[in-house]
Amino acid sequence: MGKRSGSKRKDKNKVILPPELPPEIDDDEVDLSDEDIAFYATDSSNVAPFRRFDKKSIDRYVGRVAGRDEGEVERLYEERQKRKATESSGKPREDDDGLEVDPVDALPTKTLQGELVYNRAKKARCEDNTGGVKSKAQENGADAKQSIKKDEPKGKSKNKKGDDNKVKNIQSQTEVPKGQPHSNVLEEVKAELSAEELFEKKKAQLAELGMAMLEDPESNIRSLNDMLSISNDKDQKVAKLGLLSLLAVFKDIIPSYRIRQLTEKELAVEVSKEVKKTRYYEYTLIRCYKAYLQKLVSLEKQPHFYTVAVGCMCALLDTAPHFNFRENLLASVVKNLSSSDDVVRKMCCEAIRSLFINEGKHRGEATIEAVRLIADHVKLNDCQLHPDSIDVFLSLRFDEDIGKDEAEEEKVKPKKNKRWQKNQEVPKQLPVNDKKKTRQELMSKAREEVDVDLRAVSFTLDPKERKRIQKETLSALFETYFRILKHSVTTSNSRTKVNNVSPGGSHPLLTPCLEGLGKFSHLIDVDFMGELISCLKKLSGYSDRQDEIPNDNALSVSERLQCCIVAFKVWRSNLEALNVDLQDFFVQLYNLILEYRPDRDHGEVLADALKTLLWEGKQQDMLRAAAFIKRLATLALSFGSAEAIAALVTLKHLLQKNSKCRNMLENDSGGGSLSCLVAKYNPEATDPYLSGALASVLWELSLLEKHYDISVSSMASNILSMANLNPTQNPVPILNVNPLEAYRDLSMERELLKPASKALPLNLKKKRRGKEFVALSPDVLQKADCSVDKDELEVKLQSHFAVLRGISENERLRAELNHTLSSVNTYKDYKKQKKKNMKFKTGRKKVARV
Amino acid sequence: MAKKLGKKARKFARKNLQSAAKRNRKIRNQFNHRRGPRRGGSAGREDGDEDVPQRVHDSTMVTNDEDATLIHGLEFPEDDAELDADLSDSDGYLSEDPGCPYYSDSEDEKADKDCIMEDGLDRQNDDMNRDIKKQKKKLKKLLDKDPEFANFLEKWQSGLESYRSKEVLDSDEDGMDSMDDDDDSNDGNSPNAKVLTSKTISEWCQLVSKDPKSPALRNLLNAFRDACQYGVHSDGPSMQRFQNARVFYQIITFVLSESDNVFRSLLEIQDDANKGKIMNLRNSKKWQTVDPLIKSYLRNSLDLLSQLTDNKILAFVLTRLRASVVLFSAYPSTSSRLVKILFRLWASGDQSLSLSAFLMIREVASLLPDCLDLCLTKSYNTYLASNKLVNDRNTKHIYFLIDCLVELYSLDVQKSYERAVTSVEQLNAILRQASKTKEKEDLRKIDNWQYINCVNLWVRFLCCHYKDYNLHPLFSEVLQVIRGVAHLFRGTRYLPLRLRLVQMLNELSSCSQMFYPIPSLLFDCLEFREVSQKEQTQRTKINFSSLLKVPKNLLKSRDFQEECVLSAIQVLSAHFAQWSYHVSFPEVATIPLFLLKKLHEQTTIEPLHRPIKRLIDQVIENKDFIERKREVVSFSPNDKASVDSFLQEEKVSRNTSFTRFYASVAENCQPKGRKTL
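Residues numbered from 1 in each chain as written. Chains lettered and ligands numbered in written order. Predicted model: local features only at pLDDT ≥ 70, side-chain atom pairs only at ≥ 80, totals over all residues. Heavy atoms only, no water.

Draft legend 1. Structural context of the overall build of chain A. Of the regular secondary structure elements, chain A holds 36 helices and two strands. The buried share of chain A, reckoned over its 850 residues, is 51%. Relative to all contacts within chain A whose residues are 6 or more apart in sequence, the contacts with residues 24 or more apart total 75%. Carbon and sulfur atoms provide 54% of the accessible area of chain A, an area that totals close to 42,200 Å². (Helix = DSSP H or I, 4+ residues; strand = E, 2+ residues; numbered from the N terminus. Buried < 20%, exposed > 50% of the residue type's maximum accessible area, 1.4 Å probe, protein only. Contact = heavy atoms within 4.5 Å. Areas by Shrake-Rupley, 256 points an atom, 1.4 Å probe, with all protein chains shown as cover.)

Draft legend 2. Local environment of the overall build of chain B. Per the secondary structure count, chain B includes 29 helices and zero strands. A total of 677 residues make up chain B; the buried ones form 57% of that total. Sequence separation of 24 or more characterises 77% of the internal contacts of chain B that already satisfy a separation of 6 or more. Total accessible area on chain B stands at roughly 30,200 Å², and carbon and sulfur atoms take up 50% of it.

Draft legend 3. Structural detail: the confidence of the model for chain A. All names here are of chain A. Mean pLDDT over chain A: 68, with 61% of residues reaching 70 or higher. Contacts of residues 494–505 to residues separated by more than four positions or lying in other chains number eleven contacts, the stretch itself having pLDDT below 50. Long-range and interchain partners of residues 544–552, a stretch whose pLDDT sits below 50, account for six contacts in this model, where long-range means more than four residues apart. (pLDDT = per-residue confidence, 0-100.)

Draft legend 4. How the structure looks around the packing of helix α12 (residues 223–231) of chain A against helix α13 (residues 236–253) of chain A. Residues and elements named next belong to chain A. It is the contact of α12 with α13, at a shortest axis distance of 7 Å, that shows an interaxial angle of 150 degrees. In terms of axis orientation, α12 runs roughly antiparallel to α13. Seen from α12, the contacting residues are L224, M227, L228, I230 and S231; seen from α13, they are V238, A239, G242, L243, S245, L246, V249, F250 and I253. Looking at the contact of α12 with α13, its residues break down into eleven nonpolar, three polar and no charged. (Axes fitted to C-alpha atoms, helices over the stretch in contact; angles between N-to-C directions. Parallel < 35°, antiparallel > 145°, perpendicular 65-115°, else oblique. Nonpolar A, V, L, I, M, F, W, Y, C, P; charged D, E, K, R; others polar.)

Draft legend 5. Local environment of the packing of helix α25 (residues 526–539) of chain A against helix α26 (residues 557–573) of chain A. Residues and elements named next belong to chain A. Viewed as axis vectors pointing N to C, α25 and α26 meet at an angle of 160 degrees, and their least axial separation amounts to 9 Å. In terms of their interaxial angle, α25 and α26 are classed as roughly antiparallel. As for how α25 packs across α26, the hand of that crossing is left-handed. Packed against α25, whose contacting residues are M529, L532, I533, L536 and L539, the element α26 presents R560, C563, V566, A567 and V570 at the interface. Partitioning the contact of α25 with α26 into residue classes produces nine nonpolar, no polar and one charged. (Left-handed = near helix turned anticlockwise from the far one by under 90°.)

Draft legend 6. Main features of the interface of chain B and chain A. Between chain B and chain A, the residue contacts involve 120 residues of the former and 103 residues of the latter. Among the residues chain B hides against chain A, the three largest losses belong to B:Y249, B:F515 and B:P637. Together they make up 6% of the total. Where chain B meets chain A, there are five salt bridges. A salt bridge links B:D644 to A:K706; the nearest nitrogen and oxygen atoms lie 3.4 Å apart. At the junction of chain B with chain A, the criterion picks out nine residue pairs in polar contact (both at pLDDT 80 or more). If one sorts the elements of the side of chain B that touches chain A by residue count, helix α5 (residues 120–145) of chain B sits on top with 13 residues. Here the residues of the side of chain B that touches chain A sort into 57 nonpolar, 29 polar and 34 charged. (Buried area = accessible area lost by both parts, 1.4 Å probe. Salt bridge = Lys/Arg side-chain N within 4 Å of Asp/Glu carboxyl O. Polar contact = N/O pair within 3.5 Å; in protein donor to acceptor, adjacent residues only side chain to side chain.)

Draft legend 7. Up close: α12(A). Along α12(A), the residues that are buried comprise A:S223, A:L224, A:M227, A:L228, A:I230 and A:S231. Take α12(A) and look down its axis: the buried residues cluster within an arc of 160 degrees, on one side only. (Arc of directions from axis to C-beta.)

Draft legend 8. Layout of unusual backbone geometry. Residues and elements named next belong to chain B. Unusually for a residue other than glycine, K438 sits at a positive phi of about 55 degrees. Structurally, K438 is set in the loop between α18 (413–437) and α19 (440–444). With phi around 60 degrees, L647 is a residue other than glycine that occupies positive phi space. The topology assignment puts L647 in the loop between α27 (640–645) and α28 (648–653).

Draft legend 9. Summary view of the environment of B:F625. Residues and elements named next belong to chain B. If you trace the backbone, F625 turns up in helix α26 (residues 606–631). You can call F625 buried: its relative accessible area is 17%. Sequence separation of F625 and F585 is 40 residues, and the distance between their C-alpha atoms is 9.8 Å. Beyond its immediate chain neighbours, meaning those up to four positions away, F625 contacts L647, E650 and T656.

Draft legend 10. Region of interest: a positive patch on the surface. Residues A:K828, A:K832, A:K836, B:K134 and B:K138 make up a contiguous surface patch of positive charge. Elements represented by at least two residues in the positive patch include exactly α36 (790–849) of chain A together with α5 of chain B. No other element matches α36(A), which puts three residues into the positive patch. Positionally, A:K832 belongs in helix α36. (Patch = residues over 30% accessible without salt bridge, like charges linked within 9 Å, V, L, I, M, F, W, Y side chains within 5 Å. Lys, Arg positive; Asp, Glu negative; His and termini not counted. Charge placed at Lys NZ, Arg CZ, Asp CG, Glu CD.)

Draft legend 11. Local environment of the packing of aromatic side chains. Residue and element names in this part refer to chain A. Per the counting criterion, the structure on display carries 29 aromatic pairs over all chains. Centre to centre, the rings of Y289 and F323 are 5.1 Å apart; their planes meet at 70 degrees, and the pair counts as edge-to-face. With a gap of 34 residues between them, Y289 in helix α15 (residues 273–299) and F323 in the loop between α16 (306–319) and α17 (326–335) connect regions that are remote in the sequence. Taking the relative accessible area as the measure of exposure, Y289 reaches 0% and is therefore buried. Taken together, a centroid distance of 6.1 Å and an interplanar angle of 40 degrees make the contact between Y289 and F325 tilted. Highlighted residues: Y289 in helix α15 and F325 in the loop between α16 and α17, separated in sequence by 36 residues. In terms of burial, Y289 and F325 fall into one category: buried. (Phe/Tyr/Trp six-rings, centres within 6.5 Å; stacked < 30°, edge-to-face > 60°.)

Draft legend 12. Representation of the nonpolar core within the structure. Ranked by internal contacts, the top residues of the largest apolar core, which has 360 residues, are A:L485 and B:W458. Among the elements that line this core, the one with the most residues is helix α10 (residues 245–267) of chain B, at 13 residues. Ignoring anything within four residues of it in the chain, the contact list for A:L485 reads A:L510, A:C513, A:L514, A:L517, A:L532, A:C535, A:L536 and A:L539. (Core = buried A, V, L, I, M, F, W, Y, C linked by side-chain atoms within 4.5 Å.)

Draft legend 13. The arrangement of the pattern of salt bridges in detail. In the structure shown here, the tally under the stated rule is 26 salt bridges over all chains. Of the charged contacts, one joins A:E300 and A:K335 as a salt bridge, the two residues approaching to 3.9 Å between their closest N and O atoms. Linking A:E300 in the loop between α15 and α16 with A:K335 in helix α17, this pair joins segments that are 35 residues apart in sequence. The residue A:E816 makes a salt bridge to B:K136 at a minimum N-O spacing of 2.7 Å. A residue pair is termed interchain when its members come from two chains, as with A:E816 in helix α36 and B:K136 in helix α5. What makes B:K136 partly exposed here is its relative accessible area of 41%.

Draft legend 14. Summary view of the confidence of the model for chain B. All names here are of chain B. When pLDDT is averaged across chain B, the result is 73; 71% of the residues are at 70 or more. Between residues 11–71, whose pLDDT stays under 50, and residues either more than four places distant or in other chains, the model counts 80 contacts. The low-confidence segment residues 171–190 (pLDDT under 50) makes 30 contacts with residues lying over four places distant or belonging to another chain. Taken together, the chains of this predicted complex give a pTM of 0.67 and an interface ipTM of 0.72.

Draft legend 15. Examining helix α29 (residues 657–668) of chain B more closely. All names here are of chain B. Taking 1.5 Å of rise per residue, the twelve residues of α29 would be expected to cover 16 Å, and the 16 Å separating its terminal C-alpha atoms lies within 8% of that figure. Buried within α29 are the following residues: S657, F658, T659, F661 and V665. Taken together, the buried residues of α29 touch α24 (558–579) and α26. (Expected span 1.5 Å × (residues − 1).)

Draft legend 16. Region of the structure containing the environment of A:L267. Residue and element names in this part refer to chain A. In this structure, L267 sits in helix α14 (residues 264–268). Along the primary structure L267 and R279 are separated by twelve residues, whereas in three dimensions their C-alpha atoms are 9.9 Å apart. Not counting the four nearest positions on each side in its chain, L267 is found in contact with L262 and R279.

Following this line, the structure appears as structure tokens:
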């Protein structure tokens, strides 16, 4: 639907619903440049191609290159003319020519941005091989990629198939005149031909209908029915094409408002012709749309149509989240979020994400619906879904102050709102019906509707409404998260005993859930907090019974570390007001450090845990700090440099904060003067309080000073230098980053991205080595000097000689033999010649005689 | 071209050649000549006594160029100037002193018939002889029958002859015959076709041994020349010169074993003569007289080397020739040819042959400074080429090649360092590319033996020289490559590759005395994994020394797990052994010990229990030992000097139980893994 026709239609709508279009929107939406208008003026039938660029793309073009859109217009114009020419001249050709075009491509495809893409034109030109094709593809590329990607491969394969069939046909055609006597063959060929023809015919029909629809939707709205019937075709190919064409049409003609069911009263009222026409148009549109959706939903169950149907639904959801039947669309898309088909899942995720991000399109209503649907979906499937289905939540956005002072606002705002609403809406509403019969019911209903419509077009949200929606979304979101957590808690205990599945496999949703909790931790209601923390505690593997083996937990180390991180984040983001004992999480972290494996678990999570729990924390309990210090030092000895540096950064921080622990840097004979409970250090202790780490000495650092990585070794010496300082003094800071950053800096990925350092040229005195060997061992060298046995040598040399002689003899003899043989063979030639001579002679003699 | 011409021109000035025409012909001859030996060699191999590695090697040499893509530019560029570098003069028939007697031999002419020839070729020759006789008889009959035919035949033959000679001219004088003819006519003295008998040779030998200046030397060297070219041109006159195999043997052994001494006494130089001395000598009158003799000797020896196929004889020739390496310095073209031959032999699989070839290479590289660069490049490229295929059989050979390379690269560390840096930079670039794209093709460039063994080579090089030179920049580059590869190839399938990398890290760590957290790379090996319950009827032998990637079907097999854990134990104990005297050994061992205990508990593979337990016990024992020792010391961790001196006496005496344990572990795996050299 072009802008002009769109605005026209809106003008018409004004008759029924006067307050529908605020005047300022016209300016906003109809953002035509002068060239555009000029272009418009040139040809009134230019509407279709003009549709191709919408505001956004033009804006972008303008933003990029000034005056670019002029060229664009010209290009489009030319293209259109060209197309027209081919259309008019090549109409018959289109039916039987080998240069046949996929009907999907015959219809201009409207991309997400609303840009129309004439695949057909492109293809045709492709075959004409003009150089412009590429540039066009590039120009459209950015916007059109999505649609092209969706359509092209199919189109191509189909084209190919068509070509194949063509070839076959030609073959069979050539065969027929050859005089094949078998009638059945002929019949077969005929049947094939007719199927082919039928297909072509339908494609052409679709293309025509689609073009007509796009050119003038209002008068041709009835053809939607025809297209629908085509998409019911038995031929799957045709049906698919029909679906895609319909999608393209719908994407284009769906209005930017929601179509409302007319009340009986409204129906009863006599209306003008124009209004009737519009009503009819809307009625047909909505009916067909409904039928189309029903068709999609039913086709979705057929494996052959699965991808296409879901793709169509995603595209519709993306373009028209405000339109009728959104609920049905959402339900289907959400259901497919955890599809096992990668392509389908990606499409659905993208659709839902864009729904969350572009809330302006639907004012957040679709968001809450989607979140609720996902929540139900999770509930129904017992949390056994693909992680992607929860991952989309991370794209949600909430206002920062949503959780706060809602009571206050609620008191103030509603009044304001109402007054404002009344003031503005009542006068607008007046011309709707005959003013005398304004009933309260109708009034309120209409107002609501008006309200909705207003917002639909103005893209602004009533703050209160917005808040309400967000709150509901949030509660649905957390409901889902908590459900997953609870589920993980209950199953992790029962499940592990049954089978030892690979970590992460049994709780596919946990990781994205924890991620989400971490991200939205500041929005969690304080009431939930206690429960949440205890949940996390259980999940992180803590159990009251100390003797239980920590391995019993089915969660992976990364997941458990994440639990600790989330717990701390939640606690911290609520200003640490919560009175919960987080001690257990420290114990967990203390043990998890030992279970961490570099390749299996994510090092970043470990570094993040160190950062969240130890680095960011305030002063620690001394015993606990000492235990962590010792364990981190040990960790640094057994893991790569990235983990080591993260551990050392944390360790240093702990030492700085807990100056008493600096005693561990020194070897007082007798060790731990400060140790209380345990006199001897136990490296494998599970409880930091019972490890006796205070009694130990950080010998590790002396070895870490020899670490191959310069940053680790310098960090180690830096820490060691603390021993000579006062408790209040801190060493010269050398690495002012948190553990996570330190980890990232030294991780191998990062290191490999850094530019290669040039090795410095070696400057050394010319020190030529003597004759001694450096690498080869003497016993190997000895072997070389034992000379070959004389007799053996003689035998071998003689045999070598003999072989050589044999060969040369052989060669000589062969040559001689060949020579003799050929000499013998020449005898035949000789004979022949002789005979000839004889003949010649006798002949001459004869001649002479004659 | 101008440069080449200049080079040639200089050479000719030195060689006092008269005409450009002659030069041109000789280039061509040389060209032919180089092709000649090949032909001879391949012909020689037709009989059954070829050896497999030699053949394998030859095929790799031939396919060298095509497979260059596989080496993906790791090798050093080789300038292909050899062609004109190889330009040298004739194979130098020496004019003989007529005063030197030839003795006719009283021995039975047929004595050579009884020699070792009993192969098929001989029988074939006999058959052919018979055939010829038959056909000749037939021809004679025909001639008898029709005397006119004789005329016809003669005509035909003469026509054939002229056609043939034309063809020879057309085909760029491809035949060896034409060359010989040219040589003969130009040198003005036709090679002696007199038959050499055993007696003659012994007489000459005696003469030469008595007096090096004896004219018999010339005769002997001529005979040697004919012997070396024996079989190259089957219809040459030299074919008939040797009365029997014994004569051949006599000539070759005598000339090879004595000529070095003879030349040295002629030139009056000592054993320790170097290149400079030879160059000085070159202008002396003495040299002028001996020059053709030496030239003939060296060139013909090379011919012999390229003709021979038996490894033993080759090794013998090489050992003999090694004494005269310094003489090659006077003939650069000959020496580059020598280098080529040597590297071919070096890469061949036979151990003693490659060793003697290598010793010769080393001699060449150290005595002839011009050849050093060529040697370094050639050896590196040859090494890469022979790393294309690694299997159980040639792993040992490859280790040998690495050692040789390190040996060669130690001759001039400054020069080698530059090459090492270039090579490691290439490795690094490949690694970065792969880690950026993560594409299969790029990863394949790393996941192969050429890449890995190239890294291994530089690790060995570093280990040899880290102490004496400041090689730290190279060290950290190599370290980064190793870590990067380990990072890129994670997963169980690549465990053999990873273990290899860990071995290298151990080596680097022990040579540099730097700490590397080996355990961080070994967690995968020490992790308990499910073993397939399928009863394996056939135990598959998994040898990590010739594997980089484990085949998928073996991933869950017991043997793989077993090999994994055993190899991990081996490298881990090497790591522990290195730090077993360090004050923080207990902490080093903490986490690995934790893992080992867990593995010991969980593993279901019975044969693994004992080795794991043994390692655990040893580590604990050493840990207790260190803890006891450090309880009584008073220094703190920040006292570097004291930390370094901690337990130094024990370390020197190497008497703790862990050291002994490690020695036994290392010995156990020696037959499997690399030899500790």
